[in-house]
Amino acid sequence: MELYDYEKKHIELLRKAACECMVLLKSDGTFPLEKACEVALYGSGARKTIKGGTGSGDVNVRHYVTIEEGLKNAGFQITTSDWMDEYEVKYKDARKLFVKEIKQDADKKGMPAFLLGMGAVMPEPEYELPIQKDGDLAIYVLSRISGEGSDRKPIAGDLKLTRTEVRDILYLNEHFQKFMLVLNVGGIVDLSPVNHVKNILLLSQPGMTVGDSFADMILGKQYPSGKLSATWSAWEDYDSEMDFGNPDDTVYSEGMMVGYRYFDTKKIVPMYSFGFGNGYTTFRWNVTNVKQQHTKMNLSVNVENVGDFRGKEVVQVYVSMPSGKIIQPYQMLVAFQKTKELMPGEQDELNLCFDLQQFASYESGTSSRILEKGDYVVWVGTSSRDTRDCARISLKENIVVEQLQTIGQDSVDTYGTVKRSDQIKEYEDWFNRLSDEELAYLCVGGFQEKGSQSIVGNAGMKVAGAAGETTSIFTKEGLPSLVMADGPAGLRLSRQYGVDEDGIYAVGDEIPAALVEFVDEKILAMLGNSKEVKKERNGATYNQYCSAIPIGTALAQSWNVTLANECGNLVGEEMERFGVNIWLAPALNIQRSPLCGRNFEYYSEDPFISGKMAAAITKGVQSHPGCGVTVKHFCCNNQETNRFHSNSVVDERTLRDLYLRGFEIAIKEANPAAVMTSYNLLNGEHTSRRRDLNVMVLRNEWGYRGLVMSDWLVSGFAMEHKYPSACAAGCIKAGNDLIMPGGEAEIQNIMEALHHPDSKYSISRRDLEECAASVIRTVKAFV
Ligand code: BGC
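Keep in mind that this is a model prediction, so the values were computed, not measured.

**Q** Could you clarify how one ought to interpret the packing of aromatic side chains in this entry?
**A** For any pair of aromatic rings, geometry is given as the distance between the ring centres together with the angle between the planes. Under the counting rule described, the total for this entry stands at 28 aromatic pairs. Aromatic pair Y4 and Y6: ring centres 6.0 Å apart, planes at 15°, arrangement stacked. Classification of Y4 as partly exposed rests on a relative accessible area of 38%. Residue class for Y6 comes out buried when judged on its relative accessible area of 7%. With a centroid separation of 4.4 Å and an interplanar angle of 25°, the aromatic rings of Y260 and F274 are classed as stacked.

**Q** Please explain the side chain of E313 as it appears in this structure.
**A** Structurally, E313 is set in the loop between β9 (296–305) and β10 (314–320). For E313, a relative accessible area of 9% translates into the label buried.

**Q** When you look at the side chain of E254 in this model, what are you seeing that I'm missing?
**A** By secondary structure assignment, the location of E254 is in the loop between β7 (249–251) and α8 (260–265). Of the residues examined, E254 reaches a relative accessible area of 10% and is grouped as buried. The contacts of E254, once residues within four sequence positions are left out, are D239, M242, R592 and Y659.

**Q** I would appreciate a short explanation of the pattern of salt bridges in the present structure.
**A** When the charged atoms of two side chains with opposite charge come close together, those side chains can pair. Applying the stated criterion across every chain yields a total of 53 salt bridges. Two residues, E20 and K338, come together in a salt bridge whose shortest N-O distance is 2.8 Å. Here K338 lies in strand β11 (residues 332–338) and E20 lies in helix α1 (residues 5–21), a separation of 318 residues in the sequence. In this structure, E128 and R167 form a salt bridge, with 3.5 Å as the shortest nitrogen-oxygen distance. Taken together, the positions of E128 in the loop between α5 (113–117) and β4 (135–143) and R167 in helix α6 (residues 163–175) put the pair 39 residues apart, joining distant regions of the chain.

**Q** Can you walk me through the pairing of strand β2 (residues 38–42) in this structure?
**A** In the case of a regular strand, side chains alternate between the two sheet surfaces. With four of five residues buried, β2 lies mostly within the body of the structure. Of the pairings in the sheet, the one linking β2 to strand β3 (residues 77–78) comprises two bridges and is parallel in character. The residue of β3 that forms the bridge with V39 is I78. For β2 and β4, the ladder comprises three bridges, and the chain directions are parallel. Across the sheet, A40 pairs through a bridge with A138, a residue of β4.

**Q** Would you mind showing me how to read the nonpolar core here?
**A** Inside soluble globular proteins, nonpolar side chains tend to come together where they are buried. If you look at the biggest cluster of nonpolar residues, it comprises 110 residues, and the most contacted ones within it are F354, L491 and W583. Contact partners of L491, with chain neighbours within four places excluded, come to V59, A485, D486, C546, S547, V571, E574, M575, F578, V580 and W583.

**Q** Teacher, can you tell me more about the sheet that holds β2 here?
**A** The strands making up a sheet associate through hydrogen bonds between their backbones, and the pairing can be parallel or antiparallel. The strand order across the open sheet formed by six strands is β1-β6-β5-β4-β2-β3, and the pairing between neighbours is mixed. The open sheet is flanked by β1 (23–26) and β3, the only strands paired with a single partner. As defined by bridge partners, strand β5 (residues 176–184) adjoins strand β6 (residues 200–202) across three bridges and the pair is classed as parallel. Directly across from V182, in β6, lies its bridge partner L201. Contacts from helix α7 (residues 210–218) reach β4, β5 and β6 within the one sheet, and its direction differs from that of β5 by about 140°.

**Q** It is not clear to me how a negative patch on the surface should be interpreted in this structure. Could you clarify?
**A** A contiguous patch of negative charge on the surface is contributed by E437, E438, E477 and E744. Inspection of the secondary structure puts E437 in helix α10 (residues 436–442).

Quick notes on the rules
- Residues numbered from 1 in each chain as written.
- Predicted model: local features only at pLDDT ≥ 70, side-chain atom pairs only at ≥ 80, totals over all residues.
- Heavy atoms only, no water.
- Phe/Tyr/Trp six-rings, centres within 6.5 Å; stacked < 30°, edge-to-face > 60°.
- Buried < 20%, exposed > 50% of the residue type's maximum accessible area, 1.4 Å probe, protein only.
- Helix = DSSP H or I, 4+ residues; strand = E, 2+ residues; numbered from the N terminus.
- Contact = heavy atoms within 4.5 Å.
- Salt bridge = Lys/Arg side-chain N within 4 Å of Asp/Glu carboxyl O.
- Pairing = 2+ DSSP bridges.
- Core = buried A, V, L, I, M, F, W, Y, C linked by side-chain atoms within 4.5 Å.
- Axes fitted to C-alpha atoms, helices over the stretch in contact; angles between N-to-C directions.
- Patch = residues over 30% accessible without salt bridge, like charges linked within 9 Å, V, L, I, M, F, W, Y side chains within 5 Å.
- Areas by Shrake-Rupley, 256 points an atom, 1.4 Å probe, with all protein chains shown as cover.
- Lys, Arg positive; Asp, Glu negative; His and termini not counted.
- Charge placed at Lys NZ, Arg CZ, Asp CG, Glu CD.

Written out as structure tokens, the structure is:
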């Protein structure tokens, strides 16, 4: 397998980057090891290592290195291949049964099995397999996977450990001199039954070099320097009253009290706090200077490596707001910085600045952002619970930072009059020559009338395996289509494609790997995936090997915006190479509950680090001409249960200060090419149909000029639900410029709304022109 030069370069970068994302939760000083040796390797992730989650966030790589392979590459002798062979048999049997049950259930419910199977987590099976009695070194790799379409469950084999896992982990910990529990997971698992083991590493799912990076890390060629971007604790410690996973209405009654905001305010000491992570060394830090100018603060912090290994430290700043009229969580993150690599004895000087005004709270009664008078306590530390009270900002009077308008109410009719500040003059002449239908085509993704390959995440025509395109009907007029491909853990394309007289076609990878087993032959044939259809197409074939970067959560765990920027740069390079204009990432929804099936794609439970990471990766991608990103899913898309029709019920303060804040940071700092609205409803209306979000907030408050697109097939699945599906005309009326991936039904829906002024989502030609102008502007800027 001869790698291309770009692959070699990207592997080199990712191999190192992955270690920055790993969090050493516990250590007894055994690691790093002096040299490779015999190792008893166990656990679900030993051979079946997971590089990232499933669904549209999965990246089709040429190859990725498992833990077994990585250890072998590094010269370890694995003594437990038999165990891994037998485990595979147990796993396959359990999987067969699981798929069968889902198919039967789908049959009963009269729905396609892939909709039920999508992202469904198969609980890790229980089994009896003999393990080695004792030895010098044992490693247990525990893995969990999840993905779009389903949420996780607080049961054994998913969020909790199985009896088998607990038994084997505890045995190995006791009978081997050196033992490490390695967590190859995308989200939290409840470690309570095994939390006393000697060494625990959150390996996470750091992309295609996972096995090699792990070997580098335990051999001390690299070192872990990640910190948690979410609070890890026993399942029982999380907010038991949180309403989650309700198919119809999910009420966010906890308000701002999510993640560490909840734990700290309720004074619950978690197992591992937000921002926590050990390294192979220890650091001493001191605030050397504090400068305050009104609401702005600048802190200088000196960090010294006082241990005897290389390492990097992350300094974090939190603020406790005074509690006046507005209820405040105990503290919130306002700044962070990671040191450069420090050798033993070496020091670094960090500068951490913040302006309280950026963290002002929304007051619903006055629709304004305010800082209440009182003392603001500034905490500095190396995790959210390991901080020192280092400064104070005292405000004598309330400060009104911004006067805003009310959003997020349960009726959007009131927003029909909100004007877009966008100019459409630049295209007026052209628009005057277009028919209504032609205009409508501009606002709907490009689709083939016959044999459409439209399936979530795979409707591209110019680039095989891309998720979709804008229309190509104006190519001759100089407006080609814009190609969009998924993320966020890299670029999601087909590994191979063929070209014949009918155009391009994917060779494999047409359907996300995790879905194939749920899709029957009829649908496979429809998508050109069946063996017979494939035989008929004999064009020349080409490769598109993309790199899998760390999942969103892992990237956030690096607390290193430069690293996120480099990963963005890597993705941008591959976009240029394969002709992709828009990346459907980063995803920055808040990890509200540990159960959300897509948490691994998201960065954190905290909006500040989420926004910073999203901004950094955006700048990396967009440093490449013709490459843009899409921040998604805008907004309050915090669960997968009934994802097309679930309604998030959120008060305005929480909406603005928690769920919109990360988007605001990313948009204002990095100007992403596109924003993707979410599937869910917010307070009774689909986000794609909310003009208050898509026009008032995005365009008028934040000054955003990019493209707003819908998530895939928002109007597609017309099943019986409390809330109806979104519709194309409603999207256009609300300033959601583009409906993806597109189809004839959407064109018809828009045409009807245009010609029937009394329909619920009646639209004017001007509405359509505003959306079309936004699409054209993006195409011109990125193609
Ligand atoms: C997902 C998006 C994704 C899109 C295209 C949807 O199902 O929610 O995140 O970008 O499909 O694949």
